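The primary structure of each chain is shown beneath.
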Amino acid sequence: EVKLVESGGGLVQAGGSLRLSCAASGLAFNDYVIGWFRQAPGKEREGLSCITKSNGKANYVDSVKGRFTVSSDNAKKTVYLEMNSLKPEDTAVYYCAAEYGNTYCRDEYARRYLSQPDEYDYWGQGTQVTVSS
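The following paragraphs examine the structure supplied in this document. (Residues numbered from 1 in each chain as written. Predicted model: local features only at pLDDT ≥ 70, side-chain atom pairs only at ≥ 80, totals over all residues. Heavy atoms only, no water.)

### A short note on the state of the cysteines
In step 1: Scanning the model with the defined rule gives two disulfides in all.
In step 2: For Cys22, the disulfide goes to Cys96, at an S-S distance of 2.1 Å. Taking the torsion about the sulfur-sulfur bond, which here is approximately 75°, the covalent link between Cys22 and Cys96 counts as right-handed. Of the two residues, Cys22 is situated in strand β3 (residues 18-25) and Cys96 in strand β9 (residues 92-100); the sequence distance between them amounts to 74 residues.
In step 3: Among the residues examined, Cys22 registers a relative accessible area of 1% and is labelled buried.
In step 4: Note that Cys50 is cross-linked by a disulfide to Cys105, the S-S spacing being 2.0 Å. Between Cys50 and Cys105 the sulfur-sulfur dihedral comes to about 85°; the bridge is accordingly right-handed. One end of the pair, Cys50, is in strand β5 (residues 46-52); the other, Cys105, is in the loop between β9 and α1 (110-114), and 55 residues separate them in sequence.
In step 5: On the basis of relative accessibility, which here comes to 3%, the residue Cys105 falls in the buried class. (Disulfide = S-S within 2.5 Å. Helix = DSSP H or I, 4+ residues; strand = E, 2+ residues; numbered from the N terminus. Buried < 20%, exposed > 50% of the residue type's maximum accessible area, 1.4 Å probe, protein only.)

### Brief notes about the pairing of β9
Regular strands place side chains that alternate from one sheet face to the opposite one.
In step 1: Among the nine residues of β9, seven are classified as buried, and the element is accordingly described as predominantly covered.
In step 2: As defined by bridge partners, β9 adjoins strand β11 (residues 127-132) across three bridges and the pair is classed as antiparallel. From the neighbouring strand, Tyr94 faces β11, where its bridge partner is Thr127.
In step 3: Across two bridges, β9 lies against strand β10 (residues 122-123) in antiparallel orientation. Bridge assignment links Ala97 to a residue of β10, and that residue is Trp123. (Pairing = 2+ DSSP bridges.)

### Section: the sheet that holds strand β1 (residues 3-7)
In step 1: Ordered by their spatial adjacency, four strands build an open sheet running β1-β3-β8-β7, and the pairing between neighbours is antiparallel. Each edge of the open sheet is held by one strand with a lone partner, namely β1 and β7 (68-73). Adjacent strand axes in the sheet meet at a mean angle of 20° when their direction is disregarded.
In step 2: Strand direction decides the pairing type here: β1 and β3, joined by five bridges, are antiparallel. (Axes fitted to C-alpha atoms, helices over the stretch in contact; angles between N-to-C directions.)

### Considerations on the nonpolar core
In step 1: Core analysis: the biggest nonpolar cluster contains 39 residues, and Trp36, Phe68, Leu81, Met83, Tyr94 and Tyr120 have the highest contact counts within it.
In step 2: Going through the elements one at a time, β3, β4 (32-39), β5, β7, β8 (78-83), β9, α1 and β11 are the ones with two or more residues in this core.
In step 3: Ignoring anything within four residues of it in the chain, the contact list for Tyr120 reads Val33, Gly35, Phe37, Cys50, Ala97, Ala98, Glu99, Tyr104, Tyr113 and Leu114. (Core = buried A, V, L, I, M, F, W, Y, C linked by side-chain atoms within 4.5 Å. Contact = heavy atoms within 4.5 Å.)

### Quick look at the packing of aromatic side chains
In step 1: Going through the model one piece at a time under the given rule, you end up with eight aromatic pairs.
In step 2: Note on Tyr32 and Tyr100: the rings are 5.4 Å apart at their centroids and 80° apart in plane angle, and the pair reads as edge-to-face. Within this pair, whereas Tyr32 is found in strand β4, its partner Tyr100 is found in strand β9, the two being separated by 68 residues in sequence.
In step 3: Overall, the relative accessible area of 11% leaves Tyr32 in the buried class.
In step 4: Here Tyr95 and Trp123 contribute two aromatic rings whose centre-to-centre distance is 6.3 Å and whose plane-to-plane angle is 75°, an arrangement assigned as edge-to-face. Taken as a pair, Tyr95 in strand β9 and Trp123 in strand β10 lie far apart in primary sequence, 28 residues in all.
In step 5: Classification of Tyr95 as buried rests on a relative accessible area of 13%.
In step 6: With relative accessibility at 24%, the residue Trp123 sits in the partly exposed group.
In step 7: Through a chain of ring-to-ring contacts, three or more aromatic side chains come together here, namely Phe37, Tyr95, Tyr104, Tyr109, Tyr113, Tyr120 and Trp123.
In step 8: The positively charged end of Arg19 is found above the aromatic ring belonging to Tyr80, 5.7 Å away from the centroid. (Phe/Tyr/Trp six-rings, centres within 6.5 Å; stacked < 30°, edge-to-face > 60°. Lys NZ or Arg CZ within 6 Å of the ring centre and 35° of its normal.)

In structure tokens form, the structure reads like this:
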């Protein structure tokens, strides 16, 4: 059974930083793309970033590029999202998701599939991030 568990959320002042973790189990870690998404109250789920485990390459949407960084610890089967220069509009529940293969985070496809979160098959329960002004 594939299981994803997010952690690391909390309350932070604007301009501060947080590191989120996505711990995976029940899957061949290197064979899956991991995506990060968020959902604010009253808004649709928004794709932020993804990483292809087979080559370690990551992609980002424009709203977080330069502020957020994805990394992976393959031995721990854990993907991290480092968030810097946080803004109040970053307040949301943050989710990680997994999809088999190496297609969804290719340069030519990443934005497309980050805009279609329902295409990812496996999801965690989310972790709350609140940024105060």
